[in-house]
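In case you want the letters, here they are:
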Amino acid sequence: DSDALPNPEVITRLNAMFALPLERLQVIVKQIISDMKTGLERDGGAIKMLPSFVTKRPSGREHGSYLAIDFGGTNLRVCELVLNGHSSEPQLLQSKFQISDNVKTGSGAALFDFIAECVRSFFQTHHALDAHDWNSKRWQLGFTFSFPVDQISIKAGTLITWTKGFTATNVIDRDSVRLLEDAFERMNLNIEVTALVNDTTGTLISHAFQNPDTYAGVILGTGSNCAYVEKFANITKFRGPPPPPGTTEMLINMEWGGFDDAQVVIPRTKYDLLLDRNTPTPGCYTFEQLISGMYIGEIVRLVILDLARTGDVFAKATIVARSPLHKQYGFETSYMSRIERDHSFDLADVKALLEDDEFEIVGATLADRKIIKAVCEMVGLRSARLAAAGVCAVVTKMNKLNGCTVGIDGSLFEKYPHYPNRMRDAMREILGISSENISLEQAKDGSGQGAGLIAALAAEAA
Ligand code: ADP
């Protein structure tokens, strides 16, 4: 029955485009390691390898109350982290706010005002009943600003370029901490930013607080990136103020999203190229585009539209003009999760999604639904295999094949079915039996708790 079975030629053709066989993964891993080495020696490479100025991992003895802001993707979080040393578990209070497109693409001043506004709202929620004025004490805050930042100290750094669809004006090349503190002043908030942090370093530090064997932090959310522990002596390009005497290591924020922007190592499909052309910054962070939550749903959408054009799907179906399938980013990555989770014989939930819940596509056949699911599998699998290649490169570079933990935060790792196992399978292919020494663990509240901890470490050092 042609309505039930997808055309095998279509599946084969797509598979050939999206597959990443072991030999290709091995080339990718080698190239990442080579680019990491270059990036530690000089600026300007595809992987930026940004020094974080974080030179210590937590001991568990940290104490005090610190604020943290997590900004850099879909949501903004404001947290207060209360650390009691070894005597009790840390406490985390938090409020979450959605970041609108207006904030992402308006003026820089409006963007930082929005952040300050969120902090004020956090206080109103969590400290409204305080006996004395919460604003009478000077708070210390760790600011997670998850973009490529050229850091000149633990609490100062300039934005190199926006990513993830942000374009706010007058922020690039300015000190992000200064901009935030100015906004706090405009709002009469008594807060000092004592640490400027990337979500990857935050994730690493916060997971290391739970598990001291943690040597890398990975983000698989709106964007994708990784931080890891590097020997300080290897960071030969380092030119900041000298770190405290006795420093042996420093976390490096890789900014691996920019890997292979020259597009020579990873095979690109015409859909990847089309997606990239329609971003505000074509040619930038194209590795991230193949992996992260902001983009992979869009890749699936572009494939489906192309298959619909050639009659390989929806030949007998109608798609209303207002269907989100026709809109850029109209196919959310969470739908891929939902589709891959449907194991029913007739893909009943995929049918509900396509017809009723979202896309208003009438008359899709079971064969159509199977093709859509296969496309999600291919794009999701490619993402997991590339993330795995990145982790393999990092662990190899650190000489940690004999064992370490990688803390991973983000909706893809947490919510996308099979994603962790697909990563582990690819790591097994690449590293063989050694892969069993590497444990991939879900990091919880990574960037909030991490930024608070880094603020605490900075306070200890000061
Ligand atoms: P952050 O913005 O801090 O990275 P997340 O880790 O939640 O936050 O990542 C958000 C991204 O994850 C969005 O791009 C969204 O499309 C995607 N996403 C949200 N839910 C799911 C899901 N269930 N499966 C896969 N991707 C998801």
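Residues numbered from 1 in each chain as written. Predicted model: local features only at pLDDT ≥ 70, side-chain atom pairs only at ≥ 80, totals over all residues.

Q: Tell me what's going on with the overall build of the protein, and back it up with residues and numbers.
A: Within the protein, the regular secondary structure consists of 15 helices and 15 strands. Taken over the C-alpha trace, the protein has a radius of gyration of 23 Å; the compact-globule value for 462 residues is 23 Å, and the two agree within 12%. The C-alpha extent of the protein, read off along each of the three principal axes, is 70 × 50 × 40 Å. Of all 462 residues assigned to the protein, the portion counted as buried reaches 48%. (Helix = DSSP H or I, 4+ residues; strand = E, 2+ residues; numbered from the N terminus. Rg over C-alpha atoms; globule rule 2.2 N^0.38 Å. Buried ≥ 20, exposed ≤ 12 C-beta atoms within 10 Å, placed from the backbone.)

Q: Please provide a residue-by-residue account of the sheet that holds strand β11 (residues 249-253), values included.
A: Taking strand neighbours across the sheet as the criterion, the six strands line up as β1-β11-β10-β9-β14-β15 in an open arrangement whose pairing is mixed. The open sheet has two free edges, formed respectively by β1 (50-51) and β15 (438-442), since each of these has just one partner strand. Bridge count between β1 and β11: two bridges; the pairing is antiparallel. Paired with P51 across the two strands is I252, which belongs to β11. Along the sheet face, helix α6 (residues 199-210) touches β9 (214-220), β10 (224-231), β11, β14 (404-409) and β15 and points at about 135° away from the line of β9. (Pairing = 2+ DSSP bridges. Contact = placed C-beta atoms within 7 Å. Axes fitted to C-alpha atoms, helices over the stretch in contact; angles between N-to-C directions.)

Q: Talk me through the packing of α6 against helix α15 (residues 446-461); I want residue IDs and the actual numbers.
A: Running from N to C, α6 and α15 cross one another at 80°; their axes reach a closest spacing of 7 Å. The pairing of α6 with α15 is recorded here as roughly perpendicular in orientation. Judged by residue contacts, D199, T201, G202, T203, I205, S206, H207 and F209 of α6 engage G446, S447, Q449, G450, A451, L453 and I454 from α15. By residue class, the composition of the contact of α6 with α15 is five nonpolar, nine polar and one charged. (Parallel < 35°, antiparallel > 145°, perpendicular 65-115°, else oblique. Nonpolar A, V, L, I, M, F, W, Y, C, P; charged D, E, K, R; others polar.)

Q: Quick rundown of the UniProt feature "domain: Hexokinase C-terminal" (unreviewed entry) in the protein? Include the residues and the values.
A: Using the residue numbers shown here, the UniProt feature "domain: Hexokinase C-terminal" (unreviewed entry) corresponds to residues 216-457. For residues 216-457, helix accounts for 46% and strand for 14%, while the C-alpha atoms at its two ends are 18 Å apart. (UniProt positions renumbered as here; feature names shortened; annotations may be inferred.)

Q: Please give an account of the site of the ligand that cites residues and values.
A: Around the ligand, the surrounding shell holds 16 residues, and the nearest of these are G73, G221, G293, S337 and S411. Only α9 (293-309), α10 (333-340) and α13 (411-415) provide two or more residues apiece to the shell around the ligand. Its residues assigned to classes, the shell around the ligand comprises three nonpolar, 11 polar and two charged. (Near = placed C-beta within 6 Å.)

Q: Residues and numbers for unusual backbone geometry, please.
A: Even without glycine at this site, D173 takes up a positive phi of about 70°. Relative to the elements of secondary structure, D173 occurs in the loop between β7 (156-159) and α5 (176-186). You can call D173 exposed: it has 10 C-beta atoms within 10 Å. Positive phi, close to 60°, is recorded for Q263, a residue that is not glycine. Relative to the helices and strands, Q263 resides in the loop between β11 and α7 (270-277).

Q: Lay out the nonpolar core in plain terms, naming residues and giving numbers.
A: Judged by nonpolar contacts, the single largest core of 139 residues is most densely connected at I115 and F143. Among the elements that take part in this core, helix α12 (residues 366-397) stands out by supplying 18 residues, more than any other. Excluding anything up to four places from it in sequence, I115 contacts I69, F71, L76, L180 and A183. (Core = buried A, V, L, I, M, F, W, Y, C linked by C-beta atoms within 7 Å.)

Q: Residues and numbers for the sheet that holds strand β3 (residues 75-84), please.
A: One open sheet accounts for five strands, arranged β4-β3-β2-β5-β8; its pairing is mixed. In the strand order of this sheet, the two ends are held by β4 (91-98) and β8 (191-197), each with one partner. In this sheet, neighbouring strand axes are inclined to one another by 20° on average, regardless of whether the strands run parallel or antiparallel. In this structure, strand β2 (residues 63-71) lies alongside strand β5 (residues 139-145), joined through five bridges in parallel fashion. Pairing of F71 across the sheet is with F145, part of β5. The strands touched by α15 are β2, β3, β4, β5 and β8; relative to β2, the strand with the most contacts, the crossing angle is about 130°.

Q: An account of helix α4 (residues 108-126) is needed here, citing residue identities and associated values.
A: Over its 19 residues, α4 extends 27 Å from the first C-alpha to the last, a length consistent with the 27 Å expected when each residue adds 1.5 Å. Those residues of α4 lying buried are L111, F112, F114, I115, A116, V119 and F122. Tucked inside the fold, the buried residues of α4 contact β2, β3, β4, α3 (101-105) and α5. (Expected span 1.5 Å × (residues − 1).)

Q: Which residues make up the packing of α4 against α5, and what values do they have?
A: Orientation of α4 relative to α5, taken along the N-to-C sense of each, is 65°, at an axis distance of 9 Å. As α4 packs across α5, the resulting crossing turns out to be right-handed. Contacts from G108, F112, D113, I115 and A116 of α4 reach α5 at L179, L180, D182, A183, F184 and R186. For the contact of α4 with α5, a count of residues per class yields seven nonpolar, one polar and three charged. (Left-handed = near helix turned anticlockwise from the far one by under 90°.)

Q: Give a description of the environment of L141 that names residues and reports values.
A: Counting through the fold element by element, L141 comes out in strand β5. For L141, a count of 26 C-beta atoms within 10 Å gives the class buried. Residues L141 and P280 lie 139 residues apart in sequence; the distance between their C-alpha atoms is 31 Å. Setting aside anything within four residues of it in sequence, one finds L141 in contact with Y66, L67, A68, I69, I191, E192, V193, T194 and A455.

Q: Break down the confidence of the model for the protein for me, with residues and values.
A: Per-residue confidence for the protein gives a mean pLDDT of 95; residues scoring 70 or more make up 99%. The ipTM value of the predicted complex is 0.99, and its pTM value is 0.95. (pLDDT = per-residue confidence, 0-100.)

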